[in-house]
Amino acid sequence: MMCLGIESSCDETAMALVQDGRLLGEQIASQVDMHAVFGGVVPELASREHLRLLHPLMDALLQDTGVCLSDIDSIAVSRGPGLLGSLLVGMGFAKGLSFALGIPLSGVNHLQAHLLVAGLEKPLIFPAIGLLVSGGHTHIYRMQSPLAFELLGRTIDDAAGEAFDKVAKLLNFPYPGGKHIDRLGLGIAPDTHLLPRPYLSNTNLDFSFSGLKTAVLKYVQDHPQLVLPSMDTVTGKDFVPAPALAVLCSSFAWTVADTLRVKVERALDRFPDTQGLYVAGGVAANSVIRATMHRVARQHKLEIRLPSPCLCTDNGAMIAFYGEILARAGLYHNQDLEAIPRGKPIPWDYKS
Ligand code: KG4
Ligand code: ZN
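The notes below deal with the structure included here.

**A few points about the sheet that holds strand S6 (residues 128–133)**
Turning to step 1, where the next piece is worked out: Spatially, S8-S7-S6-S9-S10 is the arrangement adopted by the five strands of the open sheet, whose pairing is mixed. What marks the edges here is a single partner per strand, and that holds for strand S8 (148–154) and strand S10 (303–305). Geometrically, the sheet is characterised by an average inter-axis angle of 20° between neighbouring strands, direction not taken into account.
Turning to step 2, where the next piece is worked out: Sheet analysis places S6 next to strand S9 (residues 276–280), joined by five bridges and oriented parallel. Considered in S9, the bridge of Leu-132 is made with Ala-280.
Turning to step 3, where the next piece is worked out: Packed on one face of the sheet, helix H8 (residues 243–270) meets S6, strand S7 (138–145), S8 and S9 and runs near 155° to S6.

**Comments concerning the environment of Pro-56**
Turning to step 1, where the next piece is worked out: Counting through the fold element by element, Pro-56 comes out in helix H2 (residues 43–65).
Turning to step 2, where the next piece is worked out: With a relative accessible area of 43%, Pro-56 lands in the partly exposed category.
Turning to step 3, where the next piece is worked out: Each C-alpha atom of the pair Pro-56 and Gln-27 lies 9.7 Å from the other, and the pair is 29 residues apart in sequence.

**Thoughts on the nonpolar core**
Turning to step 1, where the next piece is worked out: Core analysis: the largest hydrophobic core is formed by 49 residues, its most contacted members being Phe-173, Phe-252 and Leu-277.
Turning to step 2, where the next piece is worked out: Those elements giving two or more residues to this core turn out to be S6, helix H5 (160–170), helix H6 (178–185), helix H7 (210–222), H8, S9 and helix H9 (287–299).
Turning to step 3, where the next piece is worked out: At eleven residues, the largest contribution of residues to this core is made by H8.
Turning to step 4, where the next piece is worked out: Not counting chain neighbours up to four residues away, the residues in contact with Leu-277 comprise Ile-129, Val-264, Met-293, Val-296, Ala-297, Leu-302, Glu-303, Ile-304 and Arg-305.
Turning to step 5, where the next piece is worked out: Leu-116, Val-117, Met-318 and Ala-320 belong to the second-largest nonpolar core, a separate cluster that totals 31 residues.

**Details of the coordination of the zinc ion (ligand 2)**
Turning to step 1, where the next piece is worked out: Distances from the zinc ion (ligand 2) to its protein donors, His-110 (NE2), His-114 (NE2) and Asp-314 (OD), fall at 2.0 to 2.2 Å.
Turning to step 2, where the next piece is worked out: In terms of primary sequence, the donors binding the zinc ion (ligand 2) are separated according to H-x3-H-x199-D. In this pair, His-114 is assigned in helix H4 (residues 110–116) and Asp-314 in the loop between helix H10 (309–312) and helix H11 (317–328), connecting sequence segments 200 residues apart. For the pair His-114 and Asp-314, one class covers both residues: buried.

**Things to note about the sheet that holds strand S5 (residues 105–109)**
Turning to step 1, where the next piece is worked out: What the five strands build is an open sheet, ordered S3-S2-S1-S4-S5; its pairing is mixed. Lying at the two open borders of the sheet, with one neighbouring strand each, are strand S3 (22–30) and S5. Sheet twist, expressed as the mean angle between neighbouring strand axes with direction ignored, is 20°.
Turning to step 2, where the next piece is worked out: With six bridges joining them, strand S1 (residues 2–7) and strand S2 (residues 12–19) adopt antiparallel strand pairing. Note on S2: the bridge partner recorded for Cys-3 is Val-18.
Turning to step 3, where the next piece is worked out: Contacting S1, S2 and S3, H2 crosses the sheet at an angle of about 30° to S2.
Turning to step 4, where the next piece is worked out: In the packing of H11 onto the sheet, the strands contacted are S1, S2, S3, strand S4 (74–80) and S5, and the crossing angle to S1 comes to about 135°.

**Focus: the packing of H5 against H8**
Turning to step 1, where the next piece is worked out: Two elements in contact, H5 and H8, have axes whose closest approach is 11 Å; the angle formed by their N-to-C orientations is 165°. When the interaxial angle is binned, H5 and H8 end up roughly antiparallel. Here H5 and H8 pass one another in a crossing that is right-handed. Contacts between H5 and H8 pair Ala-160, Ala-163, Phe-164 and Val-167 from the former with Phe-252, Ala-253 and Val-256 from the latter.
Turning to step 2, where the next piece is worked out: A class-by-class count of the residues in the contact of H5 with H8 yields seven nonpolar, no polar and no charged.

**Re the packing of H2 against helix H3 (residues 84–101)**
Turning to step 1, where the next piece is worked out: The geometry of H2 relative to H3 is characterised by a closest axis approach of 7 Å and an angle of 25° between their N-to-C directions. Considered as vectors, H2 and H3 are oriented roughly parallel to each other. Like other packed secondary-structure pairs, H2 and H3 cross with a definite hand, here right-handed. Contacts from Pro-43, Ala-46, Ser-47, His-50, Leu-51, Leu-54, His-55 and Met-58 in H2 reach Gly-85, Ser-86, Val-89, Gly-90, Phe-93 and Leu-97 in H3.
Turning to step 2, where the next piece is worked out: Along the lines of polarity and charge, the residues of the contact of H2 with H3 split into eight nonpolar, six polar and no charged.

Each value, and the rule that gives it
- Residues numbered from 1 in each chain as written.
- Chains lettered and ligands numbered in written order.
- Predicted model: local features only at pLDDT ≥ 70, side-chain atom pairs only at ≥ 80, totals over all residues.
- Heavy atoms only, no water.
- Pairing = 2+ DSSP bridges.
- Helix = DSSP H or I, 4+ residues; strand = E, 2+ residues; numbered from the N terminus.
- Axes fitted to C-alpha atoms, helices over the stretch in contact; angles between N-to-C directions.
- Contact = heavy atoms within 4.5 Å.
- Buried < 20%, exposed > 50% of the residue type's maximum accessible area, 1.4 Å probe, protein only.
- Core = buried A, V, L, I, M, F, W, Y, C linked by side-chain atoms within 4.5 Å.
- Donors = N, O, S within 2.8 Å, 3.2 Å for Na, K, Ca; no water.
- Parallel < 35°, antiparallel > 145°, perpendicular 65-115°, else oblique.
- Left-handed = near helix turned anticlockwise from the far one by under 90°.
- Nonpolar A, V, L, I, M, F, W, Y, C, P; charged D, E, K, R; others polar.

Have a look at this one:
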């Protein structure tokens with residue numbers, strides 16, 4: 001079975017083909033540089049770019065893989081959460097293709113697709129705990145199968161990636177700045193008392209990162225020399241951060257990673273039959289979080305499913321991979337499939 005996956009929920013336009021659980025090919029066009037000028041994603045511009053890019057990406061994908069449209073058995077499309085206008089562009093394209101080719105369509109939960117994409121590299125394992133850390137979300141799930149996710153906890157304010165990006169902005173790094181914080185802190189011992197680990201004095205599995213951002217703001221106000229003179233400075237070829245800036249970056253990443261660790265271990269305590277730990281989303285590319293989660297998995301004797309960094313950020317492979325699972329389970333949508341914007345729960349409304 002071959003599935004074409006389409007991703008357009010935010011600022012990445014992507015398309016991939018998966019056959020029998022294997023990636024045949026993928027095309028991704030990132031809009032990051034375009035939005036960086038504005039310090040964040042501009043929804044209107046993102047939608048227009050998706051509209052401009054989808055068709056050429058599909059042509060390139062078919063040419064690269066040697067696949068014909070008539071070889072494709074099903075279409076999968078990211079149906080949310082995401083920017084509504086961006087989702088609608090990808091979904092309109094997917095619906096048109098499904099109708100024209102007479103093949104089924106499945107709307108995919110973008111967050112669950114992030115977690116399951118690990119299955120492209122290693123066999124899926126259940127029951128599991130899934131930690132999804134991206135620019136818009138920080139969720140912990142109990143995963144019983146690829147089709148059974150239970151949300152255990154979520155952020156009550158900023159997402160982990162949002163915290164990285166807001167702190168990066170305070171330091172005058174270009175958007176999205178998470179990866180610069182990661183790079184500057186690499187190999188530097190964190191000061192584990194510099195910042196407070198937020199929202200741990202409770203028994204729940206929710207997160208709150210806005211207080212941590214405020215703590216960094218206060219620290220930076222007290223140490224204004226840490227703020228870089230221009231947004232280009234951090235990407236400069238010869239840039240070497242001041243030791244105090246490197247320690248701040250390393251300590252911030254440690255504080256986020258250790259906060260995530262506490263909640264993941266709390267979830268593991270609740271479900272002693274857990275076999276696997278999935279970690280995914282753009283922030284799962286962070287080296288401190290990756291090392292921390294590998295350690296957690298080792299200590300709890302769990303199999304870790306942490307995709308390669310290139311599969312952590314938004315991509316089409318994850319949509320095609322999950323789409324094929326849905327198609328094999330006979331779970332489809334009609335042309336009335338609806339896009340779900342950020343903040344709204346994704347309904348389980350497949351027609352089987
Ligand atoms: O999942 P994603 O590509 O997009 C969505 O939000 O859906 O995640 C993007 C987020 C951004 O906040 C970005 O700064 C963060 O992932 N990110 C990182 C790293 N690479 C990407 N944060 C920390 N360290 C990184 N290496
Ligand atoms: Zn994402």
